[in-house]
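Listed below, chain by chain, are the residues.
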Amino acid sequence: MALKTLIPAIIGKDWWEAWEYPSQIMDQNFAVPLPEEDLESPRSYSEFLVRSRTQACADASGKSEVKNDPKQFQITLEVEQFKQDELVVSIKDDCIIICGNHEERRDQQGYVAREFSRSYILPPDCKIDAVSASLSPDGKLTVVAPKEIPIMP
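From a predicted model like this one, the values you see are computed outputs, not experimental measurements.

The rules behind these values
- Residues numbered from 1 in each chain as written.
- Predicted model: local features only at pLDDT ≥ 70, side-chain atom pairs only at ≥ 80, totals over all residues.
- Heavy atoms only, no water.
- Pairing = 2+ DSSP bridges.
- Helix = DSSP H or I, 4+ residues; strand = E, 2+ residues; numbered from the N terminus.
- Buried < 20%, exposed > 50% of the residue type's maximum accessible area, 1.4 Å probe, protein only.
- Axes fitted to C-alpha atoms, helices over the stretch in contact; angles between N-to-C directions.
- UniProt positions renumbered as here; feature names shortened; annotations may be inferred.
- Contact = heavy atoms within 4.5 Å.
- Polar contact = N/O pair within 3.5 Å; in protein donor to acceptor, adjacent residues only side chain to side chain.
- Lys, Arg positive; Asp, Glu negative; His and termini not counted.
- Salt bridge = Lys/Arg side-chain N within 4 Å of Asp/Glu carboxyl O.
- Phe/Tyr/Trp six-rings, centres within 6.5 Å; stacked < 30°, edge-to-face > 60°.

(A) Molecular detail of the pairing of strand β6 (residues 87-92). Summarising the sheet, β6 and strand β7 (residues 95-107) pair through six bridges and their orientation is antiparallel. Each bridged residue has a counterpart across the sheet, and for L87 the counterpart in β7 is G100. Once β6 ends, the chain turns through two residues before running back antiparallel as β7, passing D93 with a positive phi of about 55°.

(B) Main features of unusual backbone geometry. One non-glycine residue with positive phi stands out, namely D93, at about 55°. As for its placement among the helices and strands, D93 is situated in the loop between β6 and β7. Residue D93 is classed as exposed on the basis of its relative accessible area, which comes to 53%.

(C) The arrangement of the sheet that holds β7 in detail. The strand order β6-β7-β8 describes an open sheet built from three strands, whose pairing is antiparallel. Edge positions in the open sheet fall to β6 and β8 (110-121), since each of these has one partner strand only. The mean inter-strand angle of the sheet, taken between neighbouring strand axes irrespective of direction, is 10°.

(D) Here's a closer look at the UniProt feature "binding site: Zn(2+)" (unreviewed entry) in the protein chain. UniProt records the feature "binding site: Zn(2+)" (unreviewed entry) at H102 and E104, using the numbering of this structure. Residue position: H102 is located in strand β7. Accessibility expressed as a relative area gives 2% for H102, which makes it buried. Those residues in contact with H102, other than ones at most four positions away along the chain, are Q81, F82, E86, V112, A113 and R114. Of the polar contacts made by the side chain of H102, one reaches the side chain of R105; its length is 3.4 Å. Counting through the fold element by element, E104 comes out in strand β7. Excluding its chain neighbours within four sequence positions, the residues that come into contact with E104 are Y111, V112 and A113.

(E) Local environment of the side chain of K147. In this structure, K147 sits in the segment after β10 (140-146). At 4.2 Å, D125 is the nearest oppositely charged side chain to K147, a buried residue that forms no salt bridge. A polar side-chain atom of K147 sits 2.9 Å from the main-chain carbonyl oxygen of D69. Apart from residues no more than four positions distant in its own chain, K147 is found in contact with N68, D69, P70, K71, Q72, F73, P123, D125, C126 and K127.

(F) Broad picture of the packing of aromatic side chains. Across all of its chains, the model carries one aromatic pair by this definition. Look at F82 and F116: their rings are 5.3 Å apart centre to centre, the planes differ by 70°, and that puts the pair in the edge-to-face class. In this pair, F82 is assigned in the loop between β5 (72-78) and β6 and F116 in strand β8, connecting sequence segments 34 residues apart. F82 gets classed as buried once you look at its relative accessible area, which sits at 4%. Since its relative accessible area comes to 7%, F116 is described here as buried.

Written out as structure tokens, the structure reads:
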């Protein structure tokens with residue numbers, strides 16, 4: 001069963017209002033080389049394997065940010081290593097799908113090819129036909145879905 005049909009079945013029809021959607025997802029690292037800490041062997045802590053990542057590393061990494069206010073639903077992604085023609089924003093049913101892909105090319109460490117895909121469920125009151133996307137010069141992709149304004153009787 002798809003997630004979009006499972007959630008309303010469990011929570012109810014007004015599931016979006018109860019959804020605690022994270023406003024930021026850190027450590028997205030779509031386009032940066034691995035830091036040295038990621039190449040270290042994991043350590044054991046209470047029978048779990050953990051890596052030595054610090055909060056500073058996570059804060060400095062790529063992030064995706066979601067804002068859901070009464071006027072619009074907005075997604076911001078850091079995609080600085082992708083050119084505009086290497087990014088695709090599409091809508092399927094009630095989801096925004098963002099994909100990035102570039103073929104193998106040379107960088108500071110050698111050759112690299114990158115690819116990512118992220119999906120975001122739109123709130124039910126968004127105008128799907130009015131979704132827009134823009135890429136800033138510093139590599140931030142912003143996708144905006146305006147919302148229907150309820151008509152007061």
